[in-house]
Amino acid sequence: MCAGFVSLGIGLLGIILPVIPTTPLLLLASYCFVKGSEKFAVWFKGTTIYKKHLEEFVTNKTMTLKQKITLNLFADSMIAIAFFTVDKWSVRVILILVVIYKYYYFITKIKTVKASK
């Protein structure tokens, strides 16, 4: 439960601060709440934060094109910082492989849907 609240708190900060990844932290919070307490799982899934950022992905494994682009641009910028600050070529190769796999996953495993109005 504690990990769920910590992830939720940091994820909420991610809505305001662009350097903190919101969606992965909210997914982690959801997982922790489901494992920790049915009552908190029901509460969390009823929040507007869950419904806005996670519900569609969790239920249907779908995202809008805007969500995919936003998430990938953020992830790419964080990976680019690591890529340019690390001197070891082996770490750079791993980072490039992570980016390749990330795009493979987003293109082939997560269906793109039109934004609902």
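Everything discussed here concerns the structure shown above.
**Q** Can you tell me about the packing of aromatic side chains, naming the residues and giving the values?
**A** Think of a pair of aromatic rings as described by two things: how far the centres are apart, and how the planes are tilted against each other in angle. Applying the stated criterion to the full structure yields 5 aromatic pairs. Each ring, one from F83 and one from F84, has its centre 5.2 Å from the other, and the planes form 90 degrees; the classification is edge-to-face. Of the residues examined, F83 reaches a relative accessible area of 21% and is grouped as partly exposed. The class of F84 is exposed, set by a relative accessible area of 64%. The cationic tip of R92 hangs over the ring face of F83; the distance from NZ or CZ to the ring centre is 4.9 Å. Looking at K102, its charged tip hangs above the ring of Y103, at a distance of 3.9 Å from the centre.

**Q** I'd love a proper account of the packing of helix α2 (residues 22–36) against helix α3 (residues 38–45), names of residues and values included.
**A** The interhelical angle for the contact between α2 and α3, taken along N-to-C directions, is 145 degrees, at an axis separation of 7 Å. Taking contact as the criterion, the partners of L26, A29, S30, F33 and V34 in α2 are, on α3, F40, A41, W43, F44 and K45.

**Q** How would you explain helix α1 (residues 2–16) if you had to name every residue and give the values?
**A** Along its 15 residues, α1 runs 22 Å from first to last C-alpha, staying within 8% of the 21 Å computed at 1.5 Å per residue. Residues of α1 that are buried: G4, S7, L8, G11 and G14. Here the buried residues of α1 occupy an arc of 115 degrees about the axis, which is enough to place them on one side. Exposed residues lying more than 90 degrees from the buried face of α1 are C2 and I16. Tucked into the core, α1 has its buried residues touching α2 and α3.

Rules behind the numbers
- Residues numbered from 1 in each chain as written.
- Predicted model: local features only at pLDDT ≥ 70, side-chain atom pairs only at ≥ 80, totals over all residues.
- Heavy atoms only, no water.
- Phe/Tyr/Trp six-rings, centres within 6.5 Å; stacked < 30°, edge-to-face > 60°.
- Buried < 20%, exposed > 50% of the residue type's maximum accessible area, 1.4 Å probe, protein only.
- Lys NZ or Arg CZ within 6 Å of the ring centre and 35° of its normal.
- Axes fitted to C-alpha atoms, helices over the stretch in contact; angles between N-to-C directions.
- Helix = DSSP H or I, 4+ residues; strand = E, 2+ residues; numbered from the N terminus.
- Contact = heavy atoms within 4.5 Å.
- Expected span 1.5 Å × (residues − 1).
- Arc of directions from axis to C-beta.

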